[in-house]
Amino acid sequence: MIVTIDGVAASGKSSVSSGVARALGIPYLSSGLLYRAATLLGLEGGAVLGDEVAVLAALNSHPIHLEPIAQGNRVWQGQRDLTGDLHSSTVDHGVSIVAVLPGVRAWVNDQLRQVAPPFVAEGRDMGTNVFPQSGAKFYLTASPRVRARRRAQERPEDVDAIEAALIRRDDLDRVQSAPATDAHVIDTGPLDLQGVIAAILAGIAER
Ligand code: DC
């Protein structure tokens with residue numbers, strides 16, 4: 001079984017995916033963390049983020065490994081745990097530039113497709129592009145204001161600045177973020193975390 005959970009930035013995908021995966025007793029895979037790792041390593045390697053050759057060179061300098069821990073995925077480059085550095089505002093700002101590079105998308109997709117099911121896959125294009133064969137697809141939305149308020153609890157910036165950055169990122173990520181035609185779309189605005197997890201588990205049980 002492959003469950004796909006896609007959605008816009010800060011729609012709660014990671015916490016929801018972790019909760020669904022734990023309820024099902026299977027791992028979850030965060031594709032966004034791999035895009036973030038590519039961005040961090042590109043920045044550290046001095047690459048111009050739109051330069052695919054330079055970003056891929058930074059990425060391939062040491063093997064990257066996504067560790068699918070149920071409580072929260074971790075990303076390693078050799079012995080270095082990159083995870084704590086992947087949610088900075090600098091990475092938030094650059095990741096959409098890196099995520100449109102075809103070579104980086106191929107690298108992420110290849111890493112994910114090497115994992116043996118069952119799992120929950122979380123991102124933007126899990127249901128459309130990476131695992132279109134999934135029979136359990138979900139897509140999370142919420143207004144920019146609701147998402148900014150949630151994110152303000154994790155970032156030092158104020159709600160207005162976060163909302164503006166989210167709207168910018170929605171726009172840049174639009175191409176790869178369309179919901180699959182067979183996805184259940186869930187507006188998470190009126191729901192808390194447990195409510196979203198329950199809605200997805202009910203959707204899976206219905207199949
Ligand atoms: O889910 P997230 O916000 O951590 O994702 C970080 C960025 O990576 C986001 O701006 C879009 C990109 N992304 C993508 O293009 N495709 C995916 N499957 C997952 C993330």
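Here's a quick rundown of the structure. (Residues numbered from 1 in each chain as written. Predicted model: local features only at pLDDT ≥ 70, side-chain atom pairs only at ≥ 80, totals over all residues. Heavy atoms only, no water.)

**Here's the deal with the overall build of the protein chain**
Within the protein chain one finds 9 helices and 8 strands. Relative to its length of 207 residues, the protein chain is compact, with a C-alpha radius of gyration of 16 Å against a globular reference of 17 Å. Judged by the C-alpha coordinates and their principal axes, the protein chain covers about 50 × 40 × 30 Å. Burial statistics for the protein chain: of 207 residues in total, 49% are counted as buried. Per element, the accessible surface of the protein chain, about 9400 Å² overall, is 56% carbon and sulfur. Between the averaged position of the 19 positive side-chain charges in the protein chain and that of its 23 negative side-chain charges there is a distance of 2 Å. (Helix = DSSP H or I, 4+ residues; strand = E, 2+ residues; numbered from the N terminus. Rg over C-alpha atoms; globule rule 2.2 N^0.38 Å. Buried < 20%, exposed > 50% of the residue type's maximum accessible area, 1.4 Å probe, protein only. Areas by Shrake-Rupley, 256 points an atom, 1.4 Å probe, with all protein chains shown as cover. Lys, Arg positive; Asp, Glu negative; His and termini not counted. Charge placed at Lys NZ, Arg CZ, Asp CG, Glu CD.)

**Observations concerning the environment of Arg 36**
Looking at where Arg 36 falls in the secondary structure, it is placed in helix 2 (residues 31-44). Exposure remark for Arg 36: the relative accessible area of 7% places this residue in the buried category. With residues up to four places along the chain from it excluded, the contact list for Arg 36 reads Leu 86, His 87, Val 91, Asp 92, Val 95, Arg 151, Arg 155 and Arg 169. (Contact = heavy atoms within 4.5 Å.)

**As for the pairing of strand 6 (residues 119-123)**
The side chains of a regular strand alternate between both faces of the sheet. Burial runs high along strand 6: 5 of the 5 residues are buried. As defined by bridge partners, strand 1 (residues 2-7) adjoins strand 6 across 5 bridges and the pair is classed as parallel. Among the inter-strand pairings, Asp 6 is bridged to a residue of strand 6, identified as Gly 123. With 3 bridges joining them, strand 2 (residues 28-30) and strand 6 adopt parallel strand pairing. When the bridges of strand 6 are listed, Leu 29 appears paired with Ala 121. (Pairing = 2+ DSSP bridges.)

**Digging into the side chain of Arg 151**
Inspection of the secondary structure puts Arg 151 in helix 7 (residues 144-151). Arg 151 sits in the buried class, given a relative accessible area of 14%. The contacts of Arg 151, once residues within four sequence positions are left out, are Ala 10, Arg 36, Ile 162 and Arg 169.

**Structural notes on the sheet that holds strand 5 (residues 80-81)**
If you walk across this open sheet you meet the 3 strands as 3-4-5, and the pairing is antiparallel. Two strands in the sheet have a free side with no partner beyond their single neighbour: strand 3 (64-67) and strand 5.

**Side note on the packing of helix 2 against helix 4 (residues 89-99)**
The interhelical angle for the contact between helix 2 and helix 4, taken along N-to-C directions, is 105 degrees, at an axis separation of 8 Å. One finds that helix 2 runs roughly perpendicular with respect to helix 4. Between helix 2, through Tyr 35, Arg 36, Ala 38, Thr 39, Leu 40 and Leu 43, and helix 4, the contact on the second element is made entirely by Thr 90, Val 91, Asp 92, Gly 94, Val 95, Val 98 and Ala 99. Across the contact of helix 2 with helix 4, the residue classes break down as 8 nonpolar, 3 polar and 2 charged. (Axes fitted to C-alpha atoms, helices over the stretch in contact; angles between N-to-C directions. Parallel < 35°, antiparallel > 145°, perpendicular 65-115°, else oblique. Nonpolar A, V, L, I, M, F, W, Y, C, P; charged D, E, K, R; others polar.)

**What about the nonpolar core?**
In terms of nonpolar packing, the biggest core is built from 33 residues, with Val 75, Val 104, Leu 112 and Phe 131 touching the most fellow members. If you list the elements that add at least two residues to this core, you get helix 2, helix 3 (52-59), strand 3, helix 4, helix 5 (102-113), strand 6 and helix 6 (126-130). When residues of this core are assigned to their parent elements, the largest contribution, 7 residues, is made by helix 2. Excluding residues within four positions of it along the chain, Phe 131 makes contact with Ile 2, Thr 4, Leu 112, Arg 113, Phe 119, Ala 121, Met 126 and Lys 137. Among the nonpolar cores identified, the runner-up in size contains 16 residues, and Ala 21, Ala 136, Leu 140 and Ile 200 belong to it. (Core = buried A, V, L, I, M, F, W, Y, C linked by side-chain atoms within 4.5 Å.)

**Observations regarding the sheet that holds strand 1**
Across the sheet, 5 strands lie side by side as 2-6-1-7-8; this open sheet has parallel pairing. At either margin of the open sheet sits one strand with a lone partner, and together these are strand 2 and strand 8 (184-187). Mean inter-strand twist for the sheet, computed between neighbouring axes without regard to direction, equals 20 degrees.

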